[in-house]
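These are the residues of each chain, in order.
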Amino acid sequence: MASVMIPYTVNIKLAARTLTGTLNLQNKTAVDWGWQGLIAQGCHSSILIIDPKTAQTIQVLEKHKANIVKVKWSRENYHHSLSSPYSLRLASADAAGKIIVWDVVSGTAHCEIQEHAKPIQDMDWLWTQDASRDLLLAVHPPNYIVLWNGDTGTKLWKKSYAENILSFSFDPFDPSNLALLTSEGIVFITDFSHSKPPSSTGKKVYIASPHASPAHNKPAPPTGAKKALNKVKVLITNEKPSAESVTLNDCLQLSYLPSKRNHMLLLYPREILILDLELSQTVGVVAIERSGVPFIQVVPCAQRDALYCLHENGCITLRLCRSTSPSAEESDPEQSVQELVYDLRAQCDAIRVTKTVRPYRVVICPVSENNAALVVSDGRVMLWELKSHISKSPTNPSSGLSPLYAPVSFCGTPVGPNQKIIPDLCLNTMIGQNVTWAGEPTSRPPQQEVQLKFLLTGLLSGLPLPPFALRMCPPLTTKNISHYQPLLAVGTSNGSVLIYNLTSGLLHKELSVHSCEVRGIEWVSLTSFLSFATSAPNNLGLVRNELQHTHLPTGRTFAFRGERGNDEPAIEMIKVSHLKQYLVVVFKDKPLELWDVRTGTLLREMAKNFPTVTALEWSPSHNLKSLKKKQLAAREAMARQTVSDTEQTSVDSSVISLLQDAESKAELNQGISAREHFVFTDTDGQVYHITVEGNTVKDGARIPPDGSMGSIACIAWKGDTLVLGDVDGNLNFWDLKARLSRGVPTHRGWIKKIRFAPGKGNQKLLVMYADGAEVWDTKEIQMVSSLRVGRNVNHRILDIDWCTSDKVVLASDDGCIRVLEMAMKSASYRMDEQDLTDPVWCPYLLPPRAALTLKAFLLLQPWSGSFTMDITQVDYTEKEEIKGLIQEQLNSLSNVFLWFPTHHRLFGDESDLQFWTVAAHYLQSFSEACQLGVPVTSGTQAEGMPQSHLDICHDTLCESTYFQKFQLERVHLQEMKRSSYEHTKKCADQLLLLGQTDRAVQLLLETSADNHNYYCDSLKACLVTTITSSGPSQSTIKLVATNMIANGKLAEGVQLLCLIDKAADACRYLQTYGEWNRAAWLAKVRLNSVEASDVLKRWAEHLCSPQVNQKSKAILVLLSLGCFQKVGEMLHSMRYFDRAALFIEACLKYGVMELIGSAFADYARLLRSMGLTEGAALWASRAGGAGEELLEELFQPADGVEGALEGQGSPLLSPE
């Protein structure tokens, strides 16, 4: 580095930051992985933001006073534009009942919310974001749920319940459903809405503890375990169970399954129960054998019916649901489906669990669902990635596991048999759907069998448990600026020394130096330090002292005092002189020792009658300069002497011999010994002054004690200022030049430590007390800033130091080390000021406009014919620094392949991802149907479609055939598990709606004679079997059905209509009475495609109505019907210009739609407003008539542009 370039400042810019350590027990549930791709984690009262791809902490948010108990990223389930940009929003809740909503990039709070002063039990953002993106639901103890506007902090409504609420779960398929886990059972709310509180108190169900069931009373052999588990049936009852059956509701967690509708899981330490909510019935149990490790938590997946389970030993297991359809090999269909079985498919290594180290929580990436992060109580975050690899040997059938296959298609495009396996983008590109192929085994497409395994891809570790001893390396000077690194040495309680680089905040080295707690560290150069540790005292009060010298680049460490150190009084402090020549070691009840640091020799051990030292400090003054001058003069004289011996020298020969002696020493790298001084005080407060030169030690003047001061605890000396601090909280400032002293009482008790700031002429002083710290200006003798436990902070300060001339570093008992400005206000830092070692891909960190530009830039790639990752090549008018930011993001992407379906994953854009998944699938299948020559009228579903289908997590958007099959399997399972008359009745009703009349009759005839419904059910059975299609009976039944519906018996009337194949009428009635979801379900399972599409189109219209306002859902419904033209128009009218243009483009490519020119023109205008003129020209040129005017505007200003464009030719229009 040329020294000219660097202005001589003594401050390398260090960002204020927090190094965090172990977690508090209350932080256990405070972790969340957002759609934005980042992990938020609570650590005491701060929140860490972690980038899982590069495993580094990129932000620490500080504003809470109490421990963080919950963090939640806001959802990204909306269309992003300049008015609703990509932004990092996080809600955090603490143990004192305060909720803060953060703007994470700037580290500032959007709003603060406080209702009660008890810990928030649970909170979550609403996932439907069509009406508002800012709604946050929180559980305020003991029994309130409150809906807040997370942007403004206003309370929308509040509702109380009878029992204490522990947690809640939103139904991922229906925004009006919410389940509360209470201390007594579960409360189901079906009328949740953001506009008003739920009107009813909800439907209460009680959970009988599974331990009361016979499965746990008798030790069953492993073979009988299945049979025993079948007895765990009635777990959900509407009456309160008797006292002895409920020992304690030890349900740990309740969650809806996002992979299939109306299913929920309940987690107990030794089992997971899967409930079907239509029947309130257990349909699956995942149990752990007696010797197995209990569960702590389970995360259900959406893309596949899979569960990530965390066990008490820190092991994460992935369990996948086995296919329920009986396969051809199993002859006995009765045997096939007893319950849903979740097979263990992958597990990661466990951690060593101790008293202080235990797993807390696991979070799964919501975008890909194949990355997991495990949070451990000691502050570690372990990042695991699920990998799939093609298995060489087929699965052993005796293992009982069915083989797992890779998907047959990707984003709607089928994968050829010889094609390379799709990359592990996300869970559903790793594992295919669990489909059993009907018909001959030969007709199955060739599939690749895969196996899954976990791979540890990243690890973040925190600081160990406090206490800490801090020491910053020597300050930056003009001499060392070329190779300076701001290193902080942290001594820990287990004897190791951690070296942190404060530019990046990352651990530079961890050195195991001592065998017991490190008490103090002193640097002797930029690359080496001395540290001391003392063992616990024996009964004589003697200890083992360890004083080690460590060389940082090599990590070599040796005992500085050689064999000394066993059975002697404890070392109290070590002090290194300013020139790093000498070292003073002060003991508790033993005279001090003086060492030469350079040679490692003991210069002097003081006599027995030497006074007891209470405080000691080296003087900054020394005679090195004058010595060097003398040396120079002598050198010249010697040179002169050798030239002519005749010339008389003014220099005495004895001096010359002395200096020659010194020279030879200097060649030995010993240098000359300059004279240095130190001062110390004894127990009476007398100040002694001692001079050291080479190996001579002289006693200097003594200054009598100052009467106003108590026992002196510490001394600091810089320039002409000497400061003494005593045990009563008095500071005494001595001006040595003017020979004045001035005492100031701070009234804060014992002064533990005082340190001057580095930098020439910088007279700031940092003072540490038992209850905090202060910064003083010693020139003006006044306090600059103060930090006090209980007032500004809740943690005790353990150690202090300066890290630059204007920043301090404080270690505190919450296990954190904070680098703060001189004002000592703990504050979050701006992310854009960070100096990160690895670039982070996160478009959310860009300014809103730049993030959208970046997205547009990536989206333009496939259309512009050439792939480039360099934004500077694109004609893009914008400020240079913004361009640089965008380019940085692109550079961090270097290894991500860019093609159409992946950019939503890159951006973590939930609504984009959903839209394009459904769109890609149906575009592919409708265009294939066209090619096969199947006539497809707009709005019908093509029969004879290819075998790939949408996952069942899309519910009513799936193909009818697949949806029907799923519902039949489900009702079959419900039938197997039914255990009461209510269940049987519900099953019979479902079977009638599904058209399975024979089976329904069997169930109706099971009703026992003493049941009061016996007569009705028997008649109903007769009716079902004797229905003929004769005209009169049909019209009678239809009349009865309509009367029933009119008199409030909707379900019964609908059943009768389904019996006489009037399901279309039934759907219409259901819709009239507001049962829209039920109508859609029935249309899917009973109607032919034309009728069904009528029903679903009416549903889509209803969803678009202003009072429902779920347009995004309506668009998905229309996509599944193949109404592509309508979707294009709707997207355009909703001003989703980018999505509309790209969608229409895709439709044109597949040939299933005509051009909507105005949409292209509007997208071109949007691109122009972002400064991407080249892209704007491209889209305008394809908008036909609508884009002509815009093209003219674009090429008006500069005539040169047109030529340039013609020169390269628009790649999409030129025939290639």
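Everything discussed here concerns the structure shown above.
Attention here is on the structure that accompanies the text. (Residues numbered from 1 in each chain as written. Predicted model: local features only at pLDDT ≥ 70, side-chain atom pairs only at ≥ 80, totals over all residues. Heavy atoms only, no water.)

To continue, consider a positive patch on the surface. A cluster of basic residues, Lys-479, Lys-625, Lys-628, Lys-629 and Lys-760, forms a positive patch at the surface. With respect to the helices and strands, Lys-760 occurs in the loop between strand E54 (751–756) and strand E55 (764–769). Judged by its relative accessible area of 86%, Lys-760 is exposed. (Patch = residues over 30% accessible without salt bridge, like charges linked within 9 Å, V, L, I, M, F, W, Y side chains within 5 Å. Areas by Shrake-Rupley, 256 points an atom, 1.4 Å probe, with all protein chains shown as cover. Salt bridge = Lys/Arg side-chain N within 4 Å of Asp/Glu carboxyl O. Lys, Arg positive; Asp, Glu negative; His and termini not counted. Charge placed at Lys NZ, Arg CZ, Asp CG, Glu CD. Helix = DSSP H or I, 4+ residues; strand = E, 2+ residues; numbered from the N terminus. Buried < 20%, exposed > 50% of the residue type's maximum accessible area, 1.4 Å probe, protein only.)

Turning to the pattern of salt bridges, a few remarks are in order. Two side chains carrying opposite charge are able to pair once their charged atoms lie near each other. Per the counting criterion, the structure on display carries 51 salt bridges. Ionic pairing is found between Glu-910 and Arg-75, a salt bridge with its closest N-O pair at 2.5 Å. Linking Glu-910 in helix H9 (residues 910–932) with Arg-75 in the loop between strand E6 (68–73) and strand E7 (89–94), this pair joins segments that are 835 residues apart in sequence. Residue class for Arg-75 comes out partly exposed when judged on its relative accessible area of 23%. Ionic contacts of the salt-bridge type, sharing partners, join the residues Arg-561, Arg-564, Glu-568, Lys-590, Glu-593 and Glu-605 into one network.

Pairing in this open sheet of 4 strands is antiparallel, and the strands run E50-E51-E52-E53 from one edge to the other. Lying at the two open borders of the sheet, with one neighbouring strand each, are strand E50 (712–718) and strand E53 (740–745). Recorded for the sheet is a direction-independent mean angle of 15° between the axes of neighbouring strands. For strand E52 (residues 730–735) and E53, the ladder comprises 6 bridges, and the chain directions are antiparallel. Each residue of the ladder has a partner; that of Asn-730, found in E53, is Pro-745. (Pairing = 2+ DSSP bridges. Axes fitted to C-alpha atoms, helices over the stretch in contact; angles between N-to-C directions.)

Grouped together as the largest cluster of nonpolar side chains are 129 residues, with contacts concentrated most on Ile-49, Leu-90, Leu-1082 and Phe-1143. Broken down by element, this core gets its largest block of residues, 8 residues, from helix H6 (residues 848–863). If near-sequence neighbours (up to four positions away) are discounted, Leu-1082 is found in contact with Leu-993, Val-1054, Cys-1058, Ala-1063, Ala-1066, Cys-1067, Leu-1070 and Leu-1087. Counting residues in each nonpolar core, the second largest holds 30 residues, with Tyr-484, Leu-502, Leu-511 and Val-819 among its members. (Core = buried A, V, L, I, M, F, W, Y, C linked by side-chain atoms within 4.5 Å. Contact = heavy atoms within 4.5 Å.)

So, on to the sheet that holds E55. One key point about sheets: their strands pair by backbone hydrogen bonds, in either a parallel or an antiparallel sense. Here 4 strands make up an open sheet; going across it, the order is E54-E55-E56-E57 and the pairing antiparallel. Each of the sheet's edge strands pairs with one partner strand only, and the pair in question is E54 and strand E57 (782–788). Averaged over all pairs of adjacent strands, the angle between strand axes in this sheet comes to 15°, irrespective of strand direction. Where E54 meets E55, 5 bridges bridge the pair, whose relative direction is antiparallel. The residue of E55 that forms the bridge with Ile-751 is Tyr-769.

Before going further, it helps to examine empty space enclosed by the protein. Under the criterion given, the structure shown has 7 cavities of 30 Å³ or more. Here the second largest cavity is characterised by a volume of approximately 60 Å³. Considering the residues around the second largest cavity, the lining is formed by Leu-787, Val-793, His-795, Ile-797, Leu-810, Ser-812, Arg-818, Leu-820, Met-824, Lys-825 and Ser-826. Elements with a contribution of two residues or more to the lining of the second largest cavity: strand E59 (807–812) and strand E60 (817–821). Grouping the amino acids of the lining of the second largest cavity by side-chain chemistry returns 6 nonpolar, 3 polar and 2 charged. (1 Å grid on protein atoms, 1.4 Å probe; cavity = no way out; pocket = protein on both sides within 12 Å on 5 of 7 lines; lining within 4 Å. Points joined across faces, edges and corners; volume = space filled by probe spheres on them. Nonpolar A, V, L, I, M, F, W, Y, C, P; charged D, E, K, R; others polar.)

Glancing now at the side chain of Asn-370. Here Asn-370 shows up in the loop between strand E27 (359–364) and strand E28 (371–376). At 3.2 Å, the side chain of Asn-370 and the side chain of Asn-371 are in polar contact. (Polar contact = N/O pair within 3.5 Å; in protein donor to acceptor, adjacent residues only side chain to side chain.)

With that settled, the discussion passes to unusual backbone geometry. Residue Pro-142 follows Pro-141 across a cis peptide bond; omega there is -5°. Within the secondary structure, Pro-142 sits in the loop between strand E11 (135–140) and strand E12 (144–149). With omega at 5°, the peptide bond leading from Pro-466 into Pro-467 counts as cis. Residues other than glycine seldom take positive phi values, yet Ala-55 does so here, at roughly 50°. Ala-55 gets classed as partly exposed once you look at its relative accessible area, which sits at 21%. In this structure, Asn-1109 takes a positive phi of about 50° despite not being glycine. Examined against the element boundaries, Asn-1109 turns out to sit in the loop between helix H18 (1089–1104) and helix H19 (1111–1121).

Take the environment of Ser-255 next. Inspection of the secondary structure puts Ser-255 in strand E19 (residues 253–256). On a C-alpha basis, the gap between Ser-255 and Ile-274 in space is 9.9 Å, while along the polypeptide they are 19 residues apart. The contacts of Ser-255, once residues within four sequence positions are left out, are Ser-169, Met-264, Leu-265 and Pro-300. At 3.1 Å, the side chain of Ser-255 forms a polar contact with the side chain of Gln-253.

Turning next to the packing of helix H15 (residues 1050–1059) against helix H16 (residues 1063–1072). Where H15 meets H16, the axes come as close as 8 Å, and the angle between the chain directions of the two elements is 160°. Between H15 and H16, the crossing angle belongs to the class labelled roughly antiparallel. The element H15 and its partner H16 pack so that their crossing is left-handed. Within the contact between the two elements, H15 uses Leu-1050, Val-1054, Leu-1057 and Cys-1058 and H16 uses Ala-1063, Asp-1065, Ala-1066, Tyr-1069 and Leu-1070. Residues that form the contact of H15 with H16 fall into these classes: 8 nonpolar, no polar and 1 charged. (Parallel < 35°, antiparallel > 145°, perpendicular 65-115°, else oblique. Left-handed = near helix turned anticlockwise from the far one by under 90°.)

Moving on to the side chain of Gln-56. Assignment of secondary structure puts Gln-56 in strand E5 (residues 56–62). Of the polar contacts made by the side chain of Gln-56, one reaches the side chain of Thr-54; its length is 3.1 Å.

It is worth spelling out the packing of aromatic side chains at this point. Across all of its chains, the model carries 21 aromatic pairs by this definition. With a centroid separation of 6.0 Å and 20° between ring planes, the pair formed by Tyr-582 and Trp-618 is classed as stacked. Of the two residues, Tyr-582 is situated in strand E43 (residues 582–587) and Trp-618 in strand E46 (residues 615–622); the sequence distance between them amounts to 36 residues. Taking relative accessible area as the criterion, Tyr-582 reaches 0% and is therefore assigned buried. Through successive ring pairs, a cluster of aromatic residues spans Tyr-582, Phe-610, Trp-618, Phe-678, Phe-680 and Tyr-688. We note Lys-590 situated over the ring of Phe-587; from NZ or CZ to the ring centre the distance is 4.4 Å. (Phe/Tyr/Trp six-rings, centres within 6.5 Å; stacked < 30°, edge-to-face > 60°. Lys NZ or Arg CZ within 6 Å of the ring centre and 35° of its normal.)

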